[in-house]
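Here is what each chain is made of, one letter per residue.
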Amino acid sequence: MERHHLITISPAGHPDPRVARAGFDLEHAYIERCWAPVLGPTSTALLRRLPALWAEAEPARMDFGELSRSLGVGTGRGAHSPLSRTMDRLARYRFARPAADGRWEVFRQVRPLEAHELRRLPEWSRRMHTELLDRHIAGLTSTTPAAQLTARLDRIQTRRPPDHRPITATPSRHLEP
């Protein structure tokens, strides 16, 4: 009889208070339109699936192979399986963190892409980033006190602006989280 291996994924608030207040929710289109070229399809699919799993039960508990199969990446269970690599990738990009006893916490909000990540995106995704970020900030202005919003916008403006130089034919092999 096959031994069942459960994976437990809990929702968590983002540890960066700026992202917790003004980040994109996992159900936002920003995930698939802007983060997908960086994270890849399996990580993107898992992030988008988690709110539905949490709606059923928090934390989400599922057979590891079943979750992996539902994402279309087979049933492997080892440290080098597609789902294990996906969870490691989410941790590397600060979307998740391992918790006690093999459990995982995935943050409910994600940050906007940083300048070095934007440079690697296809043109369409860079346009979507600008459009979706502008709409997101506009939405915050309608629900956030002016003083808090002004402080947030000041922080965003002090970051380096996106670099729209052409992407080189030879991408860097070193990814920065």
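Structural data are supplied above this passage.
Reading the values: the criteria
The numbering scheme is per chain: residues are counted from 1 as the chain's sequence reads. In keeping with the model being predicted, local features are shown solely for residues with a pLDDT of at least 70 and side-chain atom pairs are shown and tallied solely at 80 or more, while totals for entire chains, interfaces and linings include all residues. Computation of side-chain values covers all heavy atoms of the structure but excludes hydrogens and water. In this description a helix means any DSSP run of H or I spanning at least four residues, a strand means any run of E spanning at least two, and both kinds are numbered starting from the N terminus. A 1.4 Å probe rolled over the protein chains alone gives each residue an accessible area, and that area as a share of the maximum for its type sets the label: buried under 20%, exposed over 50%, partly exposed in between. Working rule for contacts: check all heavy atoms of both residues, and any pair within 4.5 Å makes them a contact. Axes here mean lines fitted to C-alpha atoms, for a helix over just the part in contact, with angles spanning 0 to 180 degrees between N-to-C directions. By definition in this entry, angles of less than 35 degrees are roughly parallel, angles greater than 145 are roughly antiparallel, angles of 65 to 115 are roughly perpendicular, and the rest are oblique. Three residue categories are used. Nonpolar comprises Ala, Val, Leu, Ile, Met, Phe, Trp, Tyr, Cys and Pro, charged comprises Asp, Glu, Lys and Arg, and polar comprises the others, including Gly. Any carboxyl oxygen of Asp or Glu that lies within 4 Å of a side-chain nitrogen of Lys or Arg is treated as forming a salt bridge with it. Two strands qualify as a pair provided DSSP detects at least 2 bridges between them. Any two rings among Phe, Tyr and Trp, with Trp reduced to its six-membered ring, count as a pair given centres within 6.5 Å; such a pair is stacked if its planes are under 30 degrees apart, edge-to-face if over 60, and tilted if neither. By nonpolar core we mean a set of buried residues, namely Ala, Val, Leu, Ile, Met, Phe, Trp, Tyr and Cys, connected to one another through side-chain atoms within 4.5 Å.

Asks: Describe the overall build of the protein, listing the residues and the values that go with them.
Replies: Per the secondary structure count, the protein includes 8 helices and 6 strands. Going from N to C terminus, the protein has its helices and strands arranged as β-α-β-α-α-β-α-α-β-β-β-α-α-α. Among the 177 residues that make up the protein, the fraction classed as buried is 41%. Sequence separation of at least 24 residues holds for 69% of the intrachain contacts in the protein that already meet a minimum separation of 6.

Asks: Lay out the packing of helix H2 (residues 30-39) against helix H3 (residues 41-56) in plain terms, naming residues and giving numbers.
Replies: Between H2 and H3, whose axes approach to 8 Å, the crossing angle comes to 140°. As summarised for this structure, H2 and H3 are arranged oblique, according to the angle between their axes. Taken together, the residues of H3 that come into contact with H2 (itself represented by Ile31, Glu32, Ala36 and Leu39) are Ser43, Thr44, Leu47 and Arg48. Class assignment for the residues of the contact of H2 with H3 results in 4 nonpolar, 2 polar and 2 charged.

Asks: Talk me through the pattern of salt bridges; I want residue IDs and the actual numbers.
Replies: If you walk through the whole model with that rule in mind, you get 10 salt bridges. Arg108 serves as the salt-bridge partner of Glu58, at 2.9 Å between the closest nitrogen and oxygen. Placement of Glu58 in the loop between H3 and strand S3 (60-63) and of Arg108 in the loop between strand S5 (104-107) and strand S6 (109-110) is noted, with a sequence separation of 50 residues between them. A salt bridge links Arg97 to Glu105; the nearest nitrogen and oxygen atoms lie 2.5 Å apart. If you follow the salt bridges from partner to partner, you end up with Arg94, Arg111, Glu114 and Glu117 in one network.

Asks: Go over the sheet that holds S3 with me, naming the residues and quoting the values.
Replies: Across a sheet, strands are paired by hydrogen bonds formed along the backbone, either parallel or antiparallel in direction. Strand order in the open sheet formed by 4 strands is S3-S1-S5-S4, with mixed pairing between adjacent strands. The sheet is open, and its two borders are formed by S3 and strand S4 (96-98), each paired with just one other strand. Looking at each pair of strands side by side, their axes are set apart by 25° on average, direction ignored. Helix H5 (residues 82-92) rests against strand S1 (6-12), S4 and S5 of the sheet, and its axis sits at about 55° to S5.

Asks: Lay out the packing of aromatic side chains in plain terms, naming residues and giving numbers.
Replies: Aromatic ring pairs are described here by two measures, namely the spacing of the ring centres and the angle between the planes. Evaluation of the coordinates by the stated rule reveals 3 aromatic pairs. Ring centres 4.0 Å apart and planes at 0° place the aromatic pair Phe24 and Tyr30 in the stacked group. Neither residue differs from the other here; Phe24 and Tyr30 are each classed as buried. Between the aromatic rings of Trp35 and Tyr93, the centroid separation amounts to 6.1 Å while the plane-to-plane angle is 75°, which identifies the pairing as edge-to-face. Here Trp35, found in helix H2, pairs with Tyr93, found in the loop between H5 and S4; they are 58 residues apart in sequence, far enough to count as distant. Taken together, the ring pairs connect Trp35, Tyr93 and Phe95 into an aromatic cluster.

Asks: Could you give an account of H5, naming the residues involved and the relevant values?
Replies: The set of residues buried in H5 consists of Leu83, Ser84, Thr86, Met87, Arg89 and Leu90. Contacts from the buried residues of H5 go to S1, H2, H3, helix H4 (64-70), S4 and S5. A positive phi of about 65° marks Arg94, the residue just after H5.

Asks: Give me the lowdown on the nonpolar core, citing residues and values where you can.
Replies: By size, the foremost hydrophobic cluster in this structure holds 35 residues, and its most contacted members are Ile9, Trp35, Met87 and Val106. Within the residue set of this core, elements represented by two or more residues are S1, H2, H3, H4, H5, S5 and helix H7 (123-143). Discounting chain neighbours no more than four positions away, the residues touching Met87 are Ile7, Ile9, Leu46, Trp104 and Val106.

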